Amino acid sequence: MLPTWFALAGTGLLFGLQHALEADHLVAVSTLVSQHRHPGRALLVGGLWGLGHTATLALVGFIVIAFRLQLPPTLDHWLEAGVGIMLVILGLRTLLALRRERLHCHRHDHGHGIHTHFHGHAGGPGHAHRHATRSGLGSVLVGAVHGLAGSGALVLLALGSSPSRGAALAFILLFGIGATGGMMLATVAVALPTLVLPGRFNLAGRGFRLAAGVAGIGLGVLVVSQQLMAL
């Protein structure tokens, strides 16, 4: 029995790590993490995403397994379409935030040459604090939506590969832990362009955020259209 549990734990963790690297997850966290310039913040975004993701998976898994429910075949398509809509919203929010930030170029003569720098206007420290709080809550909600969309397929996988209902629920929890760890690493990797750049409001940093916003809208529209066609 013990080797079976070890195999179950390893499989759940590996599937969770792989799950974190799916395109819609990476695009979603890119829109969230692109506004931070600290690796700790990037890790926090991934961890909070994992918290919401795992909580939703565990709740749905427990209900389905405990009460032996049968999920409607079309429910997964509607939930995936909801993920697509969320991606569009995240992309639009990123682009609107870029539009609100007025980028300016200034040139100064320091006596030993002309120095050029960029900066933007996005509010003071109070604004930054409120923005970080909203970002944390948004990470949890985004993870929860992703977890809800993938819960049906995961429950079927857990029931098919586990010797008991308790083992199936453990598989789901381990899957969530693996997904959380994978996403924490992925958020740092995705945020590297902004972490290594000298200033948040320079052109390269804004270009990364612009790419994240456009990718969110494009992938979201694609996901919604595919799921509605599959109904």
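Predicted, not measured: the structure shown is a model, and the values here were computed from it. (Residues numbered from 1 in each chain as written. Predicted model: local features only at pLDDT ≥ 70, side-chain atom pairs only at ≥ 80, totals over all residues. Heavy atoms only, no water.)

## What about the overall build of the protein chain?
Secondary structure summary: the protein chain contains 7 helices and 2 strands in total. Each helix and strand of the protein chain, ordered N terminal to C terminal, gives the series α-α-α-α-β-β-α-α-α. For the protein chain, the proportion of contacts with a sequence separation of at least 24, taken over those separated by at least 6, is 80%. Only carbon and sulfur atoms are counted for the fraction: they give 72% of the accessible area of the protein chain, which is about 12,200 Å². (Helix = DSSP H or I, 4+ residues; strand = E, 2+ residues; numbered from the N terminus. Contact = heavy atoms within 4.5 Å. Areas by Shrake-Rupley, 256 points an atom, 1.4 Å probe, with all protein chains shown as cover.)

## Quick look at the packing of aromatic side chains
Evaluation of the coordinates by the stated rule reveals 1 aromatic pair. With centroids separated by 6.5 Å and ring planes inclined at 90°, the aromatic side chains of phenylalanine 15 and phenylalanine 171 adopt a geometry described as edge-to-face. Remark: phenylalanine 171 occurs in helix α6 (residues 165–195) and phenylalanine 15 occurs in helix α1 (residues 2–20); sequence separation between them is 156 residues. Exposure remark for phenylalanine 15: the relative accessible area of 33% places this residue in the partly exposed category. (Phe/Tyr/Trp six-rings, centres within 6.5 Å; stacked < 30°, edge-to-face > 60°. Buried < 20%, exposed > 50% of the residue type's maximum accessible area, 1.4 Å probe, protein only.)

## Structural notes on the side chain of aspartate 24
By secondary structure assignment, the location of aspartate 24 is in helix α2 (residues 23–33). Although buried, aspartate 24 forms no salt bridge, and the nearest oppositely charged side chain, arginine 93, lies 17 Å from it. Excluding anything up to four places from it in sequence, aspartate 24 contacts Val83, Leu87, His146 and Leu219. (Lys, Arg positive; Asp, Glu negative; His and termini not counted. Salt bridge = Lys/Arg side-chain N within 4 Å of Asp/Glu carboxyl O.)

## Notes on the layout of surface pockets
Roughly 400 Å³ of volume is contained in the second largest pocket. Residue lining of the second largest pocket: 21 residues in total, with Val64, Gln70, Leu71, Gly152 and Leu156 positioned closest to the centre. At the level of secondary structure, the elements contributing two or more residues to the lining of the second largest pocket comprise α3 (39–67), α4 (75–100) and α5 (125–161). When residues in the lining of the second largest pocket are grouped by element, the largest group, 8 residues, is from α5. (1 Å grid on protein atoms, 1.4 Å probe; cavity = no way out; pocket = protein on both sides within 12 Å on 5 of 7 lines; lining within 4 Å. Points joined across faces, edges and corners; volume = space filled by probe spheres on them.)

## Structural notes on the confidence of the model for the protein chain
For the protein chain, mean pLDDT is 80; residues scoring 70 or higher make up 77% of the total. Here strand β2 (residues 114–121) is the element of the protein chain with the lowest mean pLDDT, 50, and α4 is the one with the highest, 93. Across residues 123–130, where pLDDT falls below 50, the model places 1 contact with residues more than four positions away in sequence or in other chains. (pLDDT = per-residue confidence, 0-100.)

## Some remarks on the side chain of threonine 180
Along the chain, threonine 180 falls in helix α6. Each residue touching threonine 180, except ones within four places of it in the same chain, is listed here: Gly46, Gly47, Gly50, Leu51 and Thr54.

## Brief notes about the environment of glycine 166
Secondary-structure assignment places glycine 166 in helix α6. Spatially, the C-alpha atom of glycine 166 lies 9.4 Å from that of alanine 66, the residues being 100 residues apart in sequence.

## Things to note about unusual backbone geometry
Positive phi is not limited to glycine here, since arginine 68 has a value of about 55°. Here arginine 68 is to be found in the loop between α3 and α4.

## Some words on the environment of leucine 174
Within the secondary structure, leucine 174 is located in helix α6. Taking the C-alpha atoms as reference, leucine 174 lies 6.3 Å from alanine 9; in sequence the two are 165 residues apart. Setting aside chain neighbours within four positions, we find leucine 174 in contact with Leu8, Ala9, Gly12 and Leu13.

## Re the packing of α2 against α4
As a packed pair, α2 and α4 sit with axes 9 Å apart at the nearest point and diverge in direction by 30°. Overall, the two elements α2 and α4 adopt an arrangement that is roughly parallel. Once α2 is placed against α4, the crossing between them reads as left-handed. Of the residues in α4, those in contact with Asp24, Val27, Ala28, Thr31 and Leu32 of α2 are Val83, Leu87, Leu90, Gly91 and Thr94. For the contact of α2 with α4, the per-class residue count stands at 6 nonpolar, 3 polar and 1 charged. (Axes fitted to C-alpha atoms, helices over the stretch in contact; angles between N-to-C directions. Parallel < 35°, antiparallel > 145°, perpendicular 65-115°, else oblique. Left-handed = near helix turned anticlockwise from the far one by under 90°. Nonpolar A, V, L, I, M, F, W, Y, C, P; charged D, E, K, R; others polar.)

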